[in-house]
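# Inside the fold
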Amino acid sequence: VFLTRAQTPFPAPRAMATRTAARRNFARKYEQHLADMCPETHPIQVDEQITAKIDELKSAEEHIESATRAAEFLYRRAHASHLRSEENKRQIRSEGAIPYLCELLNAKFRDARYQACSALSELAFRDERNSLLIVSVPGSLDSILQLMVSSDMQEDAALVLSNCAAFSEDAVATMLEHPGLVAALKVVATSAEPDAKGIAIGAINCLSRFSFATEALIAENVVGEALMPVLAACGEEEELDGVALRAAMAVANLTGLTRECFASSAQYTAAVATAVQILEGALAGRSWRGIAFTAYSILFPLRNLAAKRDNREALVACGLLELATQVMRGWREVGHNAEETLGLAVEVCALLSEECGWQQRLRDAGAIPLLHTVHARSTAEPAQAAARAGQLVEVLEQGHVAVFMGQHRRLGADSPLALLDDHCSALVLAFTLGGRAAPPL
């Protein structure tokens, strides 16, 4: 959907010119004060080619073609597939490129705007500092939203917002202060072409993980007008597509996802199974349909699903308990939001431990020694996760224990002793241990 300027909450040309001047002033100050805004923890190994391209980028007013090529070069160097991606992003940030890329979003030439969007979205990907800086540049959000709702670059502009929201809580807070941002995302999520629609719903899903964003999203009725129609249109496939899955996760975060949100039980089952499958892939370092979910981003809605009792049986059946235990075992390696991810894993195990059979699955997965480790904080686990782990391990260690072979659920499966009820078993135990009276019938 393309909206005219009169229909969109964006500034008039004169105001845009004022913001452009502010952006240039910010760029000058940015280079002087970057060390205070985003201090580097270790020296940067400088790539002279990147430095040269940033110099070209800064001359966009006189040489737009070379600035466009420079933006494309920076995109390639920042891309996750590049061996020095993380180091390159640090250099690009420290040498002051981000404000000039934001300035390029307003270029007259489409290719310049496109390359600027590509570079910014890649710089934001899994980089908290870059994400915050992008949305903090004066006028950057105006420029991104203008492209998102009134140009043929909706997908590219929305991806910048989505990546910034995915990896920085402070960036989300800044984005939500901007008037019209949530409304613009909803417009694209409901009316755009499929690819742009998917990115916008992905951005809404990222925003939905923050409690302070919930009010703004609900006020715009994104659940009823943008997310639920996607779920209603799901087919009967065994696996949800990327758009439907992210819509389902956002609903889980905002209002709670239940079987009633889908047209059929098969769609509900597919949603739960797909989400658990993606968590398994994220822990193994695999992307899903080209989407690089972090363990945190998928475990967050799974925790919200587990909070509703009606969802628990389906989650356990899909293997979520075992995967949550796996997270506890290797939480330091999950990357983004590692401590928060550990807390989510412990909480999932606690929510899914109400049934005796489910408790046994946790024991079989090796959860008890892991929970003891978390509770002891022997490797600096966060305090909240440690406290919850202590509560859970107490529950698990109170479970029934086999006192003779016939009670063992595997070794005694064919034993006649397995047929004894609790009272008869207590009589045998009391006689064997010599003394204590059996409980009355």
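Model, not experiment: these values are computed from the prediction.

## Re the overall build of the chain
If you tally the helices and strands in the chain, you get 24 helices and zero strands. Buried positions account for 51% of the 441 residues belonging to the chain. Partitioning the intrachain contacts of the chain with sequence separation of at least 6 by distance along the chain shows that 72% fall at a separation of at least 24.

## Focus: a nonpolar patch on the surface
Among the surface-exposed residues, Leu417, Leu420 and Val428 lie close enough to one another that they form a single nonpolar patch of about 210 Å² accessible area. Mapped onto the fold, Leu420 is located in the loop between α23 (383-396) and α24 (422-433).

## What to know about helix α3 (residues 64-78)
Over its 15 residues, α3 runs 21 Å from end to end, which matches the ideal 21 Å to within 8%, given 1.5 Å per residue. Within the span of α3, buried status applies to Ile64, Ser66, Ala67, Thr68, Ala70, Ala71, Phe73, Leu74, Arg77 and Ala78. Tucked inside the fold, the buried residues of α3 contact α2 (48-57), α4 (85-94), α5 (97-104) and α6 (110-124).

## Re the packing of α2 against α3
In helix packing, the relevant descriptors are the interaxial angle and the interaxial distance, both defined with respect to the helix axes. For the pair α2 and α3, the least separation of the axes is 8 Å and the interaxial angle reads 145°. Pair α2 / α3 crosses with left-handed handedness. Contacts between α2 and α3 involve Gln49, Ile50, Lys53, Ile54, Glu56 and Leu57 from the first element and Ser66, Ala67, Ala70, Ala71, Phe73, Leu74 and Arg77 from the second. Of the residues assigned to the contact of α2 with α3, the class counts are eight nonpolar, two polar and three charged.

## Here we look at a negative patch on the surface
Residues Glu128, Glu169, Asp170, Glu339 and Glu340 make up a contiguous surface patch of negative charge. Position of Glu340 among the secondary structure elements: in helix α20 (residues 338-351). By relative accessible area, which is 41% here, Glu340 ends up partly exposed.

## Examining the packing of helix α7 (residues 128-136) against helix α10 (residues 169-176)
As a packed pair, α7 and α10 sit with axes 8 Å apart at the nearest point and diverge in direction by 15°. It follows that α7 is roughly parallel to α10 by the angle criterion. The two elements α7 and α10 cross, and the hand of that crossing is left-handed. In this structure, α7 uses Ser131, Leu132 and Val135 to contact α10, whose residues at the interface are Asp170, Ala171, Thr174 and Met175. Across the contact of α7 with α10, the residue classes tally to four nonpolar, two polar and one charged.

Reading the values: rules and limits
- Residues numbered from 1 in each chain as written.
- Predicted model: local features only at pLDDT ≥ 70, side-chain atom pairs only at ≥ 80, totals over all residues.
- Heavy atoms only, no water.
- Helix = DSSP H or I, 4+ residues; strand = E, 2+ residues; numbered from the N terminus.
- Buried < 20%, exposed > 50% of the residue type's maximum accessible area, 1.4 Å probe, protein only.
- Contact = heavy atoms within 4.5 Å.
- Patch = residues over 30% accessible without salt bridge, like charges linked within 9 Å, V, L, I, M, F, W, Y side chains within 5 Å.
- Areas by Shrake-Rupley, 256 points an atom, 1.4 Å probe, with all protein chains shown as cover.
- Salt bridge = Lys/Arg side-chain N within 4 Å of Asp/Glu carboxyl O.
- Expected span 1.5 Å × (residues − 1).
- Axes fitted to C-alpha atoms, helices over the stretch in contact; angles between N-to-C directions.
- Left-handed = near helix turned anticlockwise from the far one by under 90°.
- Nonpolar A, V, L, I, M, F, W, Y, C, P; charged D, E, K, R; others polar.
- Lys, Arg positive; Asp, Glu negative; His and termini not counted.
- Charge placed at Lys NZ, Arg CZ, Asp CG, Glu CD.
- Parallel < 35°, antiparallel > 145°, perpendicular 65-115°, else oblique.

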